[in-house]
Amino acid sequence: MAEEKTYKKPLPEVRPETKPYWDACKKHELLIPKSKETGELFFYPRAMSPGDDMSEDIEWVKSGGKGKVWTFSVHHMGPSKAYKGDPPHVVALVEMDEGVKMMTNIVDCDPHDVQIGMEVEVVFDDVTDEITLPKFKPVK
Amino acid sequence: MATNFPGIEEARDILKKNKIVVAGVGETEQGKIPDKSSFHFLSQASKLAIEDAGIKKSDVDGLVTAFSLVEHTFMHCTTFADYFGMRPSFFSSVAVGGATAVWMVAEAAMAIASGQAEVVLCVRGDNTLSGISSSGMVALIREMCHPEFEYPYGLTTPGGYALAAQRYMHEYNATSEQLASVAVTMRKHAAMKENAMSKDPLTVEDVLNSRIIAEPLHKYDCSVISDGGAAFIITTEKKAQELGIQNPPAYLWGMGEGYSHQYLTSLESLDQIYNAINHSGTKAFQTAGIDPKDVDLAYLYDCFTITVLLELEGLGLVPKGQAGVFAQEGRLEIGKDLPVNTHGGLLSQAHLGAMHHVIEAALQLRGDAGDRQVDDAEVALVHGNGGIVSAHSSIVLGKQPLS
(Lines give C-alpha, C1' and ligand atoms only; values in the text may rest on other atoms or scores of the structure.)
Protein backbone atom coordinates (compact mmCIF):
# COMPACT_ATOMS: atom_id res chain seq x y z
CA MET A 1 0.00 0.00 0.00
CA ALA A 2 2.94 2.31 0.61
CA GLU A 3 3.67 2.16 -3.10
CA GLU A 4 0.17 3.33 -3.97
CA LYS A 5 0.79 6.56 -2.11
CA THR A 6 4.05 7.29 -3.90
CA TYR A 7 2.73 6.72 -7.44
CA LYS A 8 1.28 10.11 -8.37
CA LYS A 9 0.80 9.64 -12.10
CA PRO A 10 -2.65 9.06 -13.54
CA LEU A 11 -4.16 5.67 -12.94
CA PRO A 12 -6.99 4.11 -14.95
CA GLU A 13 -10.45 4.35 -13.46
CA VAL A 14 -11.60 0.80 -13.89
CA ARG A 15 -15.15 0.26 -15.16
CA PRO A 16 -17.21 -2.90 -14.62
CA GLU A 17 -16.71 -3.94 -18.25
CA THR A 18 -12.94 -3.41 -18.19
CA LYS A 19 -12.23 -5.15 -14.89
CA PRO A 20 -11.27 -8.48 -16.54
CA TYR A 21 -8.63 -6.62 -18.57
CA TRP A 22 -7.01 -5.01 -15.54
CA ASP A 23 -7.32 -8.20 -13.46
CA ALA A 24 -5.40 -10.04 -16.19
CA CYS A 25 -2.75 -7.30 -16.37
CA LYS A 26 -2.18 -7.81 -12.66
CA LYS A 27 -1.42 -11.45 -13.48
CA HIS A 28 0.86 -10.26 -16.31
CA GLU A 29 -1.46 -11.39 -19.04
CA LEU A 30 -2.62 -9.17 -21.89
CA LEU A 31 -6.21 -9.73 -23.00
CA ILE A 32 -7.99 -8.39 -26.06
CA PRO A 33 -11.80 -8.38 -26.23
CA LYS A 34 -13.55 -10.19 -29.06
CA SER A 35 -17.14 -10.24 -30.23
CA LYS A 36 -18.28 -13.86 -30.06
CA GLU A 37 -20.86 -13.13 -32.71
CA THR A 38 -18.51 -11.87 -35.42
CA GLY A 39 -15.16 -13.11 -34.12
CA GLU A 40 -13.80 -9.59 -34.49
CA LEU A 41 -11.23 -8.32 -32.00
CA PHE A 42 -11.50 -4.74 -30.83
CA PHE A 43 -9.66 -2.34 -28.59
CA TYR A 44 -10.16 -0.45 -26.23
CA PRO A 45 -12.36 -2.81 -24.18
CA ARG A 46 -16.08 -1.91 -23.98
CA ALA A 47 -19.27 -3.57 -22.84
CA MET A 48 -20.57 -3.85 -26.41
CA SER A 49 -18.86 -4.74 -29.65
CA PRO A 50 -18.38 -1.54 -31.71
CA GLY A 51 -19.28 -3.50 -34.85
CA ASP A 52 -22.66 -3.70 -36.54
CA ASP A 53 -23.44 -6.74 -34.39
CA MET A 54 -23.77 -4.60 -31.23
CA SER A 55 -23.10 -7.78 -29.33
CA GLU A 56 -22.64 -7.83 -25.58
CA ASP A 57 -21.37 -11.38 -25.83
CA ILE A 58 -17.68 -10.59 -25.40
CA GLU A 59 -14.89 -13.06 -24.84
CA TRP A 60 -11.32 -12.24 -23.88
CA VAL A 61 -8.50 -13.55 -26.06
CA LYS A 62 -4.97 -13.85 -24.73
CA SER A 63 -2.64 -11.69 -26.80
CA GLY A 64 0.77 -12.89 -27.97
CA GLY A 65 2.04 -9.57 -26.62
CA LYS A 66 3.90 -8.61 -29.78
CA GLY A 67 3.42 -5.76 -32.20
CA LYS A 68 5.03 -2.88 -34.09
CA VAL A 69 5.28 0.83 -33.31
CA TRP A 70 2.70 2.55 -35.56
CA THR A 71 3.56 6.03 -34.35
CA PHE A 72 5.23 7.55 -31.29
CA SER A 73 6.15 10.83 -29.66
CA VAL A 74 8.91 11.51 -27.18
CA HIS A 75 7.06 13.64 -24.62
CA HIS A 76 9.17 16.31 -22.93
CA MET A 77 6.23 17.32 -20.74
CA GLY A 78 3.68 15.15 -19.01
CA PRO A 79 0.00 15.84 -18.47
CA SER A 80 0.28 16.55 -14.73
CA LYS A 81 2.67 17.84 -12.07
CA ALA A 82 3.72 14.28 -11.26
CA TYR A 83 5.88 14.28 -14.41
CA LYS A 84 7.92 17.31 -13.40
CA GLY A 85 11.64 16.58 -13.45
CA ASP A 86 11.17 13.21 -15.19
CA PRO A 87 13.26 12.35 -18.23
CA PRO A 88 11.29 12.38 -21.52
CA HIS A 89 8.87 9.47 -21.90
CA VAL A 90 7.85 7.75 -25.10
CA VAL A 91 4.12 7.57 -25.81
CA ALA A 92 3.39 5.21 -28.69
CA LEU A 93 0.55 3.67 -30.58
CA VAL A 94 1.46 0.03 -31.10
CA GLU A 95 -0.21 -2.10 -33.75
CA MET A 96 -0.54 -5.55 -32.23
CA ASP A 97 0.05 -8.67 -34.30
CA GLU A 98 -3.65 -9.37 -33.65
CA GLY A 99 -4.49 -6.17 -35.60
CA VAL A 100 -5.75 -3.81 -32.89
CA LYS A 101 -3.89 -0.70 -31.76
CA MET A 102 -2.95 0.13 -28.17
CA MET A 103 -1.65 3.34 -26.63
CA THR A 104 1.35 2.60 -24.46
CA ASN A 105 4.85 3.59 -23.39
CA ILE A 106 8.00 2.23 -24.98
CA VAL A 107 10.44 1.43 -22.17
CA ASP A 108 13.81 -0.22 -21.62
CA CYS A 109 15.50 1.70 -24.42
CA ASP A 110 16.83 5.13 -25.33
CA PRO A 111 13.75 7.17 -26.38
CA HIS A 112 15.58 8.24 -29.52
CA ASP A 113 16.12 4.66 -30.64
CA VAL A 114 12.36 4.24 -31.11
CA GLN A 115 11.23 4.16 -34.73
CA ILE A 116 8.00 3.57 -36.59
CA GLY A 117 7.85 -0.12 -37.52
CA MET A 118 10.06 -1.21 -34.61
CA GLU A 119 9.10 -4.62 -33.24
CA VAL A 120 8.08 -4.48 -29.61
CA GLU A 121 6.82 -6.87 -26.94
CA VAL A 122 4.75 -6.36 -23.82
CA VAL A 123 6.28 -5.88 -20.37
CA PHE A 124 4.16 -5.41 -17.26
CA ASP A 125 4.75 -2.48 -14.95
CA ASP A 126 3.18 -3.01 -11.51
CA VAL A 127 2.74 0.69 -10.78
CA THR A 128 0.63 0.11 -7.65
CA ASP A 129 -0.64 -2.88 -5.70
CA GLU A 130 -3.87 -2.63 -7.66
CA ILE A 131 -2.82 -1.53 -11.12
CA THR A 132 -0.41 -3.01 -13.61
CA LEU A 133 0.14 -1.10 -16.85
CA PRO A 134 1.13 -3.07 -19.93
CA LYS A 135 4.04 -1.31 -21.62
CA PHE A 136 6.28 -2.36 -24.47
CA LYS A 137 10.01 -2.79 -25.03
CA PRO A 138 11.97 -3.39 -28.22
CA VAL A 139 12.33 -7.05 -29.25
CA LYS A 140 16.04 -7.77 -29.06
CA MET B 1 -13.59 11.48 -53.34
CA ALA B 2 -16.70 11.47 -55.52
CA THR B 3 -19.24 10.66 -52.84
CA ASN B 4 -22.76 11.85 -53.50
CA PHE B 5 -24.46 12.65 -50.26
CA PRO B 6 -28.20 12.25 -49.86
CA GLY B 7 -30.05 15.48 -49.20
CA ILE B 8 -27.50 17.80 -50.80
CA GLU B 9 -29.99 19.25 -53.31
CA GLU B 10 -32.55 19.82 -50.56
CA ALA B 11 -29.92 21.52 -48.37
CA ARG B 12 -28.95 23.71 -51.31
CA ASP B 13 -32.57 24.69 -51.93
CA ILE B 14 -33.02 25.58 -48.26
CA LEU B 15 -29.92 27.79 -48.27
CA LYS B 16 -30.92 29.38 -51.59
CA LYS B 17 -34.40 30.14 -50.35
CA ASN B 18 -33.43 31.45 -46.90
CA LYS B 19 -30.28 33.34 -47.93
CA ILE B 20 -28.59 32.86 -44.54
CA VAL B 21 -26.01 35.57 -43.83
CA VAL B 22 -23.36 36.57 -41.32
CA ALA B 23 -24.65 40.06 -40.56
CA GLY B 24 -22.48 41.31 -37.73
CA VAL B 25 -19.25 40.39 -35.98
CA GLY B 26 -17.51 41.37 -32.75
CA GLU B 27 -14.12 40.67 -31.21
CA THR B 28 -12.91 41.88 -27.83
CA GLU B 29 -9.23 42.41 -27.05
CA GLN B 30 -7.34 39.10 -27.01
CA GLY B 31 -4.34 38.00 -24.99
CA LYS B 32 -3.58 37.96 -21.29
CA ILE B 33 -6.40 39.91 -19.68
CA PRO B 34 -6.58 38.83 -16.05
CA ASP B 35 -9.30 41.19 -14.88
CA LYS B 36 -12.23 39.83 -16.90
CA SER B 37 -14.39 36.75 -16.37
CA SER B 38 -15.64 34.34 -18.97
CA PHE B 39 -19.16 35.84 -18.85
CA HIS B 40 -17.73 39.35 -19.10
CA PHE B 41 -16.00 38.40 -22.36
CA LEU B 42 -19.17 36.75 -23.67
CA SER B 43 -21.17 39.91 -22.89
CA GLN B 44 -18.63 42.27 -24.44
CA ALA B 45 -18.31 40.21 -27.62
CA SER B 46 -22.10 39.97 -27.95
CA LYS B 47 -22.48 43.72 -27.54
CA LEU B 48 -19.80 44.36 -30.17
CA ALA B 49 -21.49 42.04 -32.69
CA ILE B 50 -24.93 43.58 -32.04
CA GLU B 51 -23.45 47.07 -32.44
CA ASP B 52 -21.58 46.04 -35.59
CA ALA B 53 -24.90 44.91 -37.07
CA GLY B 54 -26.47 48.15 -35.87
CA ILE B 55 -29.42 46.39 -34.26
CA LYS B 56 -30.86 46.26 -30.74
CA LYS B 57 -30.31 43.43 -28.29
CA SER B 58 -34.06 42.86 -28.35
CA ASP B 59 -33.89 42.16 -32.10
CA VAL B 60 -31.95 38.97 -31.29
CA ASP B 61 -34.25 35.99 -30.76
CA GLY B 62 -31.81 33.10 -30.95
CA LEU B 63 -28.69 32.27 -28.95
CA VAL B 64 -25.96 29.76 -29.62
CA THR B 65 -23.07 29.49 -27.16
CA ALA B 66 -20.48 26.81 -26.59
CA PHE B 67 -18.83 25.97 -23.26
CA SER B 68 -16.26 27.41 -20.91
CA LEU B 69 -13.04 25.79 -19.82
CA VAL B 70 -13.10 27.97 -16.71
CA GLU B 71 -16.75 28.40 -15.64
CA HIS B 72 -18.23 24.95 -15.61
CA THR B 73 -21.91 25.17 -16.43
CA PHE B 74 -24.34 22.42 -17.19
CA MET B 75 -26.50 24.64 -19.44
CA HIS B 76 -24.11 27.14 -20.92
CA CYS B 77 -26.45 28.92 -23.36
CA THR B 78 -29.20 29.58 -20.84
CA THR B 79 -26.71 30.57 -18.13
CA PHE B 80 -25.39 33.21 -20.49
CA ALA B 81 -28.89 34.26 -21.58
CA ASP B 82 -29.64 35.04 -17.94
CA TYR B 83 -26.36 36.95 -17.41
CA PHE B 84 -26.78 38.95 -20.63
CA GLY B 85 -30.46 39.64 -20.00
CA MET B 86 -32.27 38.01 -22.89
CA ARG B 87 -35.09 35.52 -23.33
CA PRO B 88 -34.35 33.84 -26.64
CA SER B 89 -36.95 31.73 -28.42
CA PHE B 90 -34.19 29.40 -29.61
CA PHE B 91 -31.09 28.45 -27.61
CA SER B 92 -28.44 25.81 -27.88
CA SER B 93 -24.95 25.06 -26.56
CA VAL B 94 -22.69 23.52 -29.18
CA ALA B 95 -19.86 21.50 -27.65
CA VAL B 96 -17.76 19.73 -30.25
CA GLY B 97 -14.38 21.12 -29.20
CA GLY B 98 -12.61 22.98 -31.99
CA ALA B 99 -15.38 22.06 -34.44
CA THR B 100 -17.78 24.23 -32.41
CA ALA B 101 -17.52 27.72 -33.93
CA VAL B 102 -18.05 26.55 -37.51
CA TRP B 103 -20.96 24.38 -36.44
CA MET B 104 -22.54 27.32 -34.57
CA VAL B 105 -23.14 28.88 -38.00
CA ALA B 106 -24.82 25.69 -39.19
CA GLU B 107 -26.84 25.34 -35.98
CA ALA B 108 -28.08 28.93 -36.35
CA ALA B 109 -28.89 28.39 -40.03
CA MET B 110 -30.88 25.23 -39.31
CA ALA B 111 -32.77 26.98 -36.52
CA ILE B 112 -33.64 29.86 -38.85
CA ALA B 113 -34.64 27.56 -41.74
CA SER B 114 -36.96 25.64 -39.44
CA GLY B 115 -38.64 28.72 -38.03
CA GLN B 116 -37.10 28.63 -34.57
CA ALA B 117 -35.52 32.08 -34.73
CA GLU B 118 -34.79 34.93 -37.12
CA VAL B 119 -31.70 36.60 -35.65
CA VAL B 120 -29.24 34.31 -33.89
CA LEU B 121 -26.35 35.50 -31.75
CA CYS B 122 -23.44 33.03 -31.71
CA VAL B 123 -20.88 33.78 -29.06
CA ARG B 124 -17.86 32.34 -27.31
CA GLY B 125 -15.68 33.93 -24.67
CA ASP B 126 -13.37 32.63 -22.03
CA ASN B 127 -10.54 33.61 -19.74
CA THR B 128 -8.68 30.43 -20.58
CA LEU B 129 -5.20 31.88 -20.10
CA SER B 130 -5.78 33.73 -16.85
CA GLY B 131 -8.61 31.77 -15.31
CA ILE B 132 -7.94 28.09 -15.81
CA SER B 133 -6.73 26.21 -12.74
CA SER B 134 -4.05 23.55 -12.98
CA SER B 135 -6.72 20.96 -12.16
CA GLY B 136 -8.85 22.45 -14.94
CA MET B 137 -5.95 22.08 -17.37
CA VAL B 138 -5.41 18.47 -16.29
CA ALA B 139 -9.14 17.82 -16.77
CA LEU B 140 -8.94 19.29 -20.27
CA ILE B 141 -5.96 17.13 -21.22
CA ARG B 142 -7.67 14.08 -19.76
CA GLU B 143 -10.79 14.84 -21.80
CA MET B 144 -8.79 14.66 -25.02
CA CYS B 145 -7.49 11.15 -24.41
CA HIS B 146 -9.04 7.95 -23.13
CA PRO B 147 -9.06 8.24 -19.34
CA GLU B 148 -8.50 4.54 -18.88
CA PHE B 149 -6.48 3.33 -21.87
CA GLU B 150 -4.46 6.40 -22.91
CA TYR B 151 -4.15 8.92 -20.09
CA PRO B 152 -2.21 6.60 -17.71
CA TYR B 153 0.60 6.56 -20.29
CA GLY B 154 1.15 10.29 -19.93
CA LEU B 155 -0.33 11.27 -23.29
CA THR B 156 -0.85 15.04 -23.60
CA THR B 157 -2.89 17.04 -26.10
CA PRO B 158 0.17 18.30 -28.02
CA GLY B 159 1.39 14.70 -27.74
CA GLY B 160 -1.70 13.42 -29.51
CA TYR B 161 -1.07 15.80 -32.40
CA ALA B 162 2.61 14.83 -32.28
CA LEU B 163 1.59 11.20 -32.81
CA ALA B 164 -0.35 12.27 -35.92
CA ALA B 165 2.57 14.45 -37.07
CA GLN B 166 5.12 11.67 -36.65
CA ARG B 167 3.01 9.29 -38.72
CA TYR B 168 2.36 11.96 -41.36
CA MET B 169 6.08 12.73 -41.65
CA HIS B 170 6.83 9.01 -41.92
CA GLU B 171 4.27 8.40 -44.67
CA TYR B 172 4.99 11.50 -46.74
CA ASN B 173 8.63 12.35 -45.90
CA ALA B 174 7.54 15.70 -44.52
CA THR B 175 9.99 17.76 -42.46
CA SER B 176 9.95 19.85 -39.28
CA GLU B 177 10.88 22.85 -41.46
CA GLN B 178 7.69 22.39 -43.46
CA LEU B 179 5.59 22.24 -40.28
CA ALA B 180 7.38 25.32 -38.95
CA SER B 181 6.63 27.30 -42.09
CA VAL B 182 2.90 27.13 -41.27
CA ALA B 183 3.59 28.92 -37.97
CA VAL B 184 5.75 31.48 -39.78
CA THR B 185 2.93 32.35 -42.20
CA MET B 186 0.39 32.66 -39.38
CA ARG B 187 2.74 35.06 -37.59
CA LYS B 188 3.12 37.22 -40.72
CA HIS B 189 -0.65 37.50 -40.95
CA ALA B 190 -1.08 38.19 -37.23
CA ALA B 191 1.26 41.17 -37.54
CA MET B 192 -1.52 42.87 -39.54
CA LYS B 193 -4.34 41.98 -37.12
CA GLU B 194 -4.99 44.65 -34.49
CA ASN B 195 -5.87 42.38 -31.56
CA ALA B 196 -3.41 39.54 -32.30
CA MET B 197 -1.58 38.18 -29.29
CA SER B 198 1.73 37.31 -30.99
CA LYS B 199 3.02 39.74 -33.58
CA ASP B 200 6.82 39.53 -33.31
CA PRO B 201 8.40 38.23 -36.51
CA LEU B 202 9.04 34.50 -36.45
CA THR B 203 11.41 32.45 -38.61
CA VAL B 204 11.57 28.73 -39.33
CA GLU B 205 14.75 28.64 -37.22
CA ASP B 206 12.93 30.29 -34.30
CA VAL B 207 10.31 27.55 -34.42
CA LEU B 208 12.90 24.77 -34.64
CA ASN B 209 14.93 26.31 -31.80
CA SER B 210 11.91 26.71 -29.53
CA ARG B 211 11.41 24.24 -26.69
CA ILE B 212 10.36 20.75 -27.71
CA ILE B 213 6.97 19.90 -26.21
CA ALA B 214 6.29 16.49 -27.74
CA GLU B 215 8.53 15.42 -30.60
CA PRO B 216 8.28 16.43 -33.40
CA LEU B 217 6.30 19.46 -32.17
CA HIS B 218 8.04 22.52 -30.74
CA LYS B 219 6.54 25.31 -28.68
CA TYR B 220 5.82 27.39 -31.79
CA ASP B 221 4.16 24.46 -33.53
CA CYS B 222 1.49 24.86 -30.84
CA SER B 223 -1.24 27.49 -30.69
CA VAL B 224 -1.36 30.32 -28.18
CA ILE B 225 -3.63 30.23 -25.16
CA SER B 226 -5.56 33.45 -24.67
CA ASP B 227 -8.35 35.32 -22.92
CA GLY B 228 -11.02 37.03 -24.98
CA GLY B 229 -14.42 36.89 -26.60
CA ALA B 230 -15.85 36.80 -30.11
CA ALA B 231 -19.37 36.78 -31.54
CA PHE B 232 -21.26 36.84 -34.81
CA ILE B 233 -24.87 37.32 -35.82
CA ILE B 234 -26.59 34.95 -38.22
CA THR B 235 -29.83 35.95 -39.90
CA THR B 236 -31.41 36.01 -43.37
CA GLU B 237 -30.79 38.56 -46.09
CA LYS B 238 -34.45 39.57 -45.84
CA LYS B 239 -34.42 40.06 -42.07
CA ALA B 240 -31.11 41.96 -42.30
CA GLN B 241 -32.71 44.35 -44.78
CA GLU B 242 -35.80 44.68 -42.60
CA LEU B 243 -33.60 45.60 -39.62
CA GLY B 244 -31.63 48.06 -41.74
CA ILE B 245 -28.32 46.23 -41.30
CA GLN B 246 -25.74 48.06 -43.44
CA ASN B 247 -22.88 45.50 -43.40
CA PRO B 248 -22.43 43.74 -46.72
CA PRO B 249 -23.56 40.18 -45.97
CA ALA B 250 -21.47 37.01 -46.20
CA TYR B 251 -23.79 34.28 -47.48
CA LEU B 252 -23.80 30.69 -46.22
CA TRP B 253 -23.38 28.39 -49.22
CA GLY B 254 -22.91 25.00 -47.58
CA MET B 255 -21.98 23.04 -44.50
CA GLY B 256 -20.88 19.60 -43.41
CA GLU B 257 -19.42 17.53 -40.60
CA GLY B 258 -17.07 14.56 -40.61
CA TYR B 259 -16.00 12.21 -37.86
CA SER B 260 -12.99 9.96 -37.52
CA HIS B 261 -12.50 8.87 -33.90
CA GLN B 262 -12.46 10.27 -30.42
CA TYR B 263 -9.41 8.36 -29.23
CA LEU B 264 -6.30 7.77 -31.32
CA THR B 265 -6.44 4.14 -30.18
CA SER B 266 -9.46 3.81 -32.50
CA LEU B 267 -7.54 5.14 -35.51
CA GLU B 268 -7.02 2.58 -38.24
CA SER B 269 -4.93 4.72 -40.57
CA LEU B 270 -4.04 8.28 -41.47
CA ASP B 271 -6.62 7.93 -44.26
CA GLN B 272 -9.34 7.66 -41.64
CA ILE B 273 -8.51 11.25 -40.63
CA TYR B 274 -8.32 12.42 -44.25
CA ASN B 275 -11.69 10.82 -44.96
CA ALA B 276 -13.36 12.60 -42.03
CA ILE B 277 -11.97 15.97 -43.13
CA ASN B 278 -13.00 15.20 -46.70
CA HIS B 279 -16.51 14.16 -45.68
CA SER B 280 -16.97 17.46 -43.88
CA GLY B 281 -15.55 19.58 -46.71
CA THR B 282 -17.13 17.70 -49.60
CA LYS B 283 -20.60 18.04 -48.10
CA ALA B 284 -20.07 21.78 -47.80
CA PHE B 285 -18.57 22.04 -51.30
CA GLN B 286 -21.32 19.98 -52.95
CA THR B 287 -24.05 22.00 -51.25
CA ALA B 288 -22.30 25.17 -52.41
CA GLY B 289 -21.97 23.71 -55.90
CA ILE B 290 -18.23 24.34 -56.00
CA ASP B 291 -14.93 22.45 -56.18
CA PRO B 292 -12.02 22.89 -53.76
CA LYS B 293 -10.21 24.86 -56.51
CA ASP B 294 -12.92 27.55 -56.33
CA VAL B 295 -11.91 28.48 -52.77
CA ASP B 296 -10.24 31.90 -52.62
CA LEU B 297 -9.58 31.99 -48.88
CA ALA B 298 -9.22 29.13 -46.42
CA TYR B 299 -9.70 29.40 -42.67
CA LEU B 300 -8.30 26.19 -41.26
CA TYR B 301 -8.21 25.12 -37.64
CA ASP B 302 -4.58 25.51 -36.62
CA CYS B 303 -4.27 24.29 -33.04
CA PHE B 304 -0.96 22.80 -34.18
CA THR B 305 0.99 23.22 -37.40
CA ILE B 306 0.32 19.61 -38.42
CA THR B 307 -3.44 20.21 -38.32
CA VAL B 308 -3.23 22.69 -41.19
CA LEU B 309 -1.32 20.25 -43.43
CA LEU B 310 -3.80 17.43 -42.78
CA GLU B 311 -6.74 19.77 -43.49
CA LEU B 312 -5.27 21.20 -46.69
CA GLU B 313 -4.87 17.66 -48.00
CA GLY B 314 -8.06 16.18 -46.55
CA LEU B 315 -10.13 19.00 -48.02
CA GLY B 316 -8.55 18.47 -51.44
CA LEU B 317 -7.05 21.97 -51.52
CA VAL B 318 -3.57 20.48 -51.98
CA PRO B 319 -2.75 16.91 -53.11
CA LYS B 320 -1.91 14.38 -50.38
CA GLY B 321 1.60 14.63 -49.06
CA GLN B 322 2.26 17.98 -50.72
CA ALA B 323 0.95 20.49 -48.19
CA GLY B 324 4.31 20.69 -46.42
CA VAL B 325 6.11 21.84 -49.55
CA PHE B 326 3.17 24.11 -50.40
CA ALA B 327 3.48 25.79 -47.01
CA GLN B 328 7.25 25.99 -47.22
CA GLU B 329 7.00 27.80 -50.55
CA GLY B 330 4.92 30.49 -48.83
CA ARG B 331 1.83 29.71 -50.86
CA LEU B 332 -0.47 30.10 -47.81
CA GLU B 333 0.37 33.78 -47.51
CA ILE B 334 -1.81 36.74 -48.42
CA GLY B 335 -1.18 37.53 -52.09
CA LYS B 336 -0.15 33.95 -52.92
CA ASP B 337 -1.99 30.84 -54.20
CA LEU B 338 -4.27 30.16 -51.25
CA PRO B 339 -4.25 32.61 -48.34
CA VAL B 340 -4.88 30.69 -45.11
CA ASN B 341 -5.92 32.31 -41.83
CA THR B 342 -5.32 35.90 -42.90
CA HIS B 343 -5.90 36.96 -39.27
CA GLY B 344 -3.07 34.86 -37.82
CA GLY B 345 -5.11 31.90 -36.60
CA LEU B 346 -4.80 30.04 -33.35
CA LEU B 347 -1.04 29.87 -33.78
CA SER B 348 -0.61 33.64 -33.45
CA GLN B 349 -3.81 35.69 -33.13
CA ALA B 350 -5.81 34.07 -30.31
CA HIS B 351 -7.32 30.74 -29.31
CA LEU B 352 -11.08 30.82 -29.11
CA GLY B 353 -11.77 27.82 -31.25
CA ALA B 354 -12.50 28.92 -34.81
CA MET B 355 -14.58 31.96 -33.79
CA HIS B 356 -12.06 34.35 -35.27
CA HIS B 357 -11.75 32.18 -38.37
CA VAL B 358 -15.48 32.64 -39.08
CA ILE B 359 -15.28 36.35 -38.32
CA GLU B 360 -12.23 36.95 -40.53
CA ALA B 361 -13.89 35.09 -43.42
CA ALA B 362 -16.92 37.39 -43.09
CA LEU B 363 -14.75 40.52 -42.80
CA GLN B 364 -12.77 39.56 -45.91
CA LEU B 365 -15.93 38.88 -47.94
CA ARG B 366 -17.46 42.16 -46.93
CA GLY B 367 -14.22 44.03 -47.72
CA ASP B 368 -13.51 45.13 -44.15
CA ALA B 369 -10.19 43.34 -43.51
CA GLY B 370 -8.03 46.47 -43.66
CA ASP B 371 -4.35 45.82 -44.40
CA ARG B 372 -5.11 42.12 -44.65
CA GLN B 373 -7.75 42.53 -47.36
CA VAL B 374 -7.41 39.99 -50.15
CA ASP B 375 -8.59 41.48 -53.46
CA ASP B 376 -11.45 39.83 -55.31
CA ALA B 377 -12.12 37.23 -52.63
CA GLU B 378 -15.50 35.69 -53.45
CA VAL B 379 -15.50 32.30 -51.72
CA ALA B 380 -14.18 31.37 -48.28
CA LEU B 381 -13.98 27.98 -46.62
CA VAL B 382 -13.91 27.71 -42.83
CA HIS B 383 -12.96 24.41 -41.24
CA GLY B 384 -13.06 23.46 -37.56
CA ASN B 385 -11.43 20.48 -35.90
CA GLY B 386 -12.20 19.10 -32.45
CA GLY B 387 -10.37 16.49 -30.38
CA ILE B 388 -7.15 15.05 -31.81
CA VAL B 389 -8.04 15.64 -35.50
CA SER B 390 -11.23 13.80 -34.56
CA ALA B 391 -14.37 15.79 -35.28
CA HIS B 392 -14.61 18.11 -38.26
CA SER B 393 -16.95 20.85 -39.44
CA SER B 394 -16.85 22.97 -42.59
CA ILE B 395 -18.79 25.87 -44.03
CA VAL B 396 -18.49 27.71 -47.32
CA LEU B 397 -19.26 31.43 -47.30
CA GLY B 398 -19.76 33.53 -50.41
CA LYS B 399 -19.75 37.22 -51.21
CA GLN B 400 -22.84 36.77 -53.40
CA PRO B 401 -26.04 34.85 -52.66
CA LEU B 402 -25.92 31.14 -53.50
CA SER B 403 -27.11 30.74 -57.07
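Before reading further, recall that the structure is shown in the block above.
Being a predicted model, the structure only gives us computed values, none of them experimental.

### Here we look at the overall build of chain B
When helices and strands are counted, chain B shows 15 helices and eleven strands. With respect to the principal axes defined by its C-alpha atoms, chain B has extents near 55 × 45 × 40 Å. By residue count, 62% of the 403 residues in chain B fall in the buried class. When contacts within chain B are restricted to residue pairs at least 6 apart in sequence, those whose partners lie at least 24 apart make up 78%.

### Brief notes about the environment of Asp108 of chain A
Residue and element names in this part refer to chain A. Tracing the chain through its elements places Asp108 in the loop between β5 (101-106) and β6 (119-126). Between the alpha carbons of Asp108 and Ala47 there is a distance of 33 Å; along the sequence they are 61 residues apart. Excluding residues within four positions of it along the chain, Asp108 makes contact with Val123 and Lys137.

### Section: the interface of chain B and chain A
By convention, interface size is frequently given as the accessible area that disappears when the constituent parts associate. Taken residue by residue, the interface counts 26 residues in chain B and 30 residues in chain A. Taken together, the elements giving at least two residues each to the side of chain B that touches chain A come down to α6 (134-144), α7 (157-172) and β5 (212-214) of chain B. Residue composition of the side of chain B that touches chain A, by class: 15 nonpolar, seven polar and four charged.

### Quick notes on the nonpolar core
Among the nonpolar cores identified, the biggest contains 165 residues, and Val120 and Leu397 of chain B are the most heavily contacted of them. It is helix α4 (residues 100-113) of chain B that provides the largest number of residues to this core, a total of ten residues.

### Here we look at the environment of His357 of chain B
Residue and element names in this part refer to chain B. Here His357 is to be found in helix α15 (residues 355-365). For His357, a count of 32 C-beta atoms within 10 Å gives the class buried. In the structure, His357 is positioned 27 residues away from Gly384 in sequence and 8.9 Å away in space, judged by C-alpha atoms. In contact with His357, not counting residues within four places along its chain, are Ala101, Tyr299, Asn341 and Val382.

### Brief notes about the pairing of strand β1 (residues 31-35) of chain A
Residues and elements named next belong to chain A. Among the five residues that make up β1, four are buried, leaving the element largely enclosed by the rest of the structure. The pairing of β1 with strand β2 (residues 58-62) spans five bridges and is antiparallel. Across the sheet, residue Lys34 finds its bridge partner in β2, namely Glu59.

### What to know about α7 of chain B
Here α7 of chain B contains 16 residues, and its C-alpha end-to-end distance of 23 Å stays within 8% of the 22 Å for a straight helix at 1.5 Å per residue. The buried fraction of α7 of chain B amounts to 13 of the 16 residues, a majority that puts the element mostly inside the structure.

### Describing unusual backbone geometry
Following Phe43 of chain A, the chain continues into Tyr44 of chain A via a peptide bond in cis, with omega recorded as 10°. Its place among the elements puts Tyr44 of chain A in the loop between β1 and β2. In this structure, Pro216 of chain B follows Glu215 of chain B across a cis peptide bond, with omega equal to 5°. Phi is positive for Asn173 of chain B, which is not a glycine, with a value near 55°.

### Here we look at helix α3 (residues 76-84) of chain B
All names here are of chain B. Every buried residue of α3 is listed here: His76, Cys77 and Phe80. Axial view of α3: buried residues confined to an arc of 95°, hence all on one face. As for α3, its buried residues are in contact with α2 (38-53), β2 (62-65) and β3 (90-93). Phi turns positive one or two residues past the end of α3, at Gly85, with a value near 80°.

### Details of the sheet that holds strand β4 (residues 120-127) of chain B
Residues and elements named next belong to chain B. Spatially, nine strands are ordered β3-β2-β4-β7-β1-β8-β11-β10-β9 in an open sheet, and the strand pairing comes out mixed. With one partner strand each, in any of the chains shown, β3 and β9 (297-300) form the two edges of the open sheet. Pairs of neighbouring strands in the sheet enclose a mean axial angle of 25°, with direction left out of account. Two elements, β2 and β3, share four bridges in a ladder whose sense is parallel. Looking across to β3, one finds that Val64 is bridged to Ser92. Those strands touched by α2 are β1 (20-27), β4 and β7 (227-236), and its axis lies near 40° from that of β7.

Conventions and cut-offs
Residues numbered from 1 in each chain as written. Chains lettered and ligands numbered in written order. Predicted model: local features only at pLDDT ≥ 70, side-chain atom pairs only at ≥ 80, totals over all residues. Helix = DSSP H or I, 4+ residues; strand = E, 2+ residues; numbered from the N terminus. Buried ≥ 20, exposed ≤ 12 C-beta atoms within 10 Å, placed from the backbone. Contact = placed C-beta atoms within 7 Å. Nonpolar A, V, L, I, M, F, W, Y, C, P; charged D, E, K, R; others polar. Core = buried A, V, L, I, M, F, W, Y, C linked by C-beta atoms within 7 Å. Pairing = 2+ DSSP bridges. Expected span 1.5 Å × (residues − 1). Arc of directions from axis to C-beta. Axes fitted to C-alpha atoms, helices over the stretch in contact; angles between N-to-C directions.

Don't take any of this as a statement about function, it's just geometry.
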